[in-house]
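This is what each chain is made of:
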Amino acid sequence: MDLRIFTEPQQGATYDDLLAVARATEDLGFDAFFRSDHYLTMGGDGLPGPTDAWTTLAGLARETSRIRLGTLVSSATFRHPGILAIQVAQVDQMSGGRVELGLGTGWFAQEHAAYGIPFPEKRFGILEEQLAVVTGLWGTPGGETFDHAGAHYTLTDSPALPKPVQQSPLDPSKAGVPVIVGGSGPRRTPALAARYAAEFNLAFPAFDEVEAKLANVDRALEEAGRAKESLVRSAALVLCVGSDEAQIARRAQAIGREVDELREHGIAGTVDEVVDRLGRLREQGVSRVYLQVLDLQDLDHLDLVAREVVPRLG
């Protein structure tokens, strides 16, 4: 099972804070460092203020060498798809081909209001069209141009540059980066994933709903004529593990959560409990887990997972 470290910098983090976590992620052998793409805290003062996701990843691309880097997830409301395609391709070049793009509709109306970002009531069509434009720009053969005329975006005679270093996981004859699509809906989001994504992500799912939601994805893949094994299935869940109850309680308190609630909804508890939880997720069809790390100063937390959890996952 792949374990990835997932951060929420809008809650209060500098670039240097994120760099320290990314370096620990790399040094400890985790698969990837991901971050949210938000501009407003969801609790607390958020000091010193937000950092931009793709600016952060550009810096980390030059200061790491192995780990994958990406967003979980960028909001389709934040950037024109043509600009997003350029940004992601450039960071992919800067990293030597280690970037992944998680893209979603966006949901946090308050952050849009706070920074003057339009927040249409209906956004699914925007997401769908952005996926078509971004992947279309990357996949256009060199020397050819890309055109798109849609309900939300029009591109005319685009040189479709620059290209990512990577090749599309869906069509290795074309340039592209792995795209991550997630959601809880039964049909529309799974259909988008079947069409555009290398990975389908469940964000903080109830454990008893995982199998049913992944079954929706399987149906979408079958309807699209795509092999089930061609799509990675992942989940993002909060992390709170300790070597004893006192340590678990301290880590829960540091992030303002209750131990019992974390045990019920997250990757939380003793090392034995966490190993069991990850094993059950694997049995349900999840092969990758994003460990949401909310206390960015507690690098010993990551060390404990690397030393005592990872070796027992097989």
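This report concerns the structure included in the present document. Worth saying up front: this structure is predicted, and the values here are computed from it rather than measured.

What counts as what
- Residues numbered from 1 in each chain as written.
- Predicted model: local features only at pLDDT ≥ 70, side-chain atom pairs only at ≥ 80, totals over all residues.
- Heavy atoms only, no water.
- Helix = DSSP H or I, 4+ residues; strand = E, 2+ residues; numbered from the N terminus.
- Expected span 1.5 Å × (residues − 1).
- Contact = heavy atoms within 4.5 Å.
- 1 Å grid on protein atoms, 1.4 Å probe; cavity = no way out; pocket = protein on both sides within 12 Å on 5 of 7 lines; lining within 4 Å.
- Points joined across faces, edges and corners; volume = space filled by probe spheres on them.
- Nonpolar A, V, L, I, M, F, W, Y, C, P; charged D, E, K, R; others polar.
- Buried < 20%, exposed > 50% of the residue type's maximum accessible area, 1.4 Å probe, protein only.
- Pairing = 2+ DSSP bridges.
- Right-handed = clockwise from strand over helix to strand, strands pointing away.
- Salt bridge = Lys/Arg side-chain N within 4 Å of Asp/Glu carboxyl O.

**Concerning helix 7 (residues 210-224)**
Thinking step 1. Taking 1.5 Å of rise per residue, 15 residues should cover 21 Å, and helix 7 covers 21 Å from first to last C-alpha, within 8% of that figure.
Thinking step 2. Contacts made by the buried residues of helix 7 are with helix 6 (188-196), strand 9 (199-203), strand 10 (232-242) and helix 10 (271-283).
Thinking step 3. Looking one or two residues beyond helix 7, the residue adopting positive phi is G225, at roughly 70°.

**Considering the layout of surface pockets**
Thinking step 1. Volume-wise, the largest pocket comes out at about 890 Å³.
Thinking step 2. Taken together, 40 residues form the lining of the largest pocket, with L72, V73, W107, A203 and F204 sitting closest to its centre.
Thinking step 3. At the level of elements, strand 4 (74-75), strand 5 (99-104), helix 5 (124-139), strand 8 (179-182), strand 9 and strand 10 are the ones that each hand at least two residues to the lining of the largest pocket.
Thinking step 4. With three residues, strand 9 is the largest single contributor of residues to the lining of the largest pocket.
Thinking step 5. Residues that form the lining of the largest pocket fall into these classes: 18 nonpolar, 16 polar and six charged.
Thinking step 6. Its boundaries defined by the atoms lining it, the second largest pocket holds a volume of some 260 Å³.
Thinking step 7. T135, S168, L170, D171 and K174 are, among the 17 residues lining the second largest pocket, the residues nearest its centre.

**Examining helix 6**
Thinking step 1. Buried within helix 6 we find T189, P190, L192, A193, A194 and Y196.
Thinking step 2. Residues of helix 6 that are buried make contact with helix 5, strand 8, strand 9 and helix 7.

**Observations concerning empty space enclosed by the protein**
Thinking step 1. Summed over all chains, the structure comprises one cavity of 30 Å³ or more.
Thinking step 2. The space that makes up the largest cavity amounts to roughly 50 Å³.
Thinking step 3. In this structure, the largest cavity is lined by L239, R251, A254, I255, L294, D295, D298 and H301.
Thinking step 4. Taken together, the residues of the lining of the largest cavity break down into four nonpolar, one polar and three charged.

**Observations concerning the pairing of strand 9**
Thinking step 1. Counting buried residues in strand 9 gives four out of five residues, a clear majority hidden from the surface.
Thinking step 2. In this sheet, strand 9 lies alongside strand 8 in parallel orientation, the contact comprising three bridges. Residue pairing in the sheet places I180 in a bridge with E199 of strand 9.
Thinking step 3. This β-α-β element, strand 8 to helix 6 to strand 9, shows right-handed connectivity.
Thinking step 4. Relative to strand 10, strand 9 is paired through five bridges, and the arrangement is parallel.

**Side note on the pattern of salt bridges**
Thinking step 1. Inspection of every chain in the model, using the stated rule, returns 18 salt bridges.
Thinking step 2. Note that R263 and E273 form a salt bridge whose closest N and O atoms lie 2.8 Å from each other. With R263 in helix 9 (residues 259-265) and E273 in helix 10, the pair connects residues that are 10 residues apart, well separated along the chain.
Thinking step 3. A relative accessible area of 31% means that E273 is categorised as partly exposed.
Thinking step 4. Between D272 and R312 there is a salt bridge; the shortest N-O distance is 2.7 Å.

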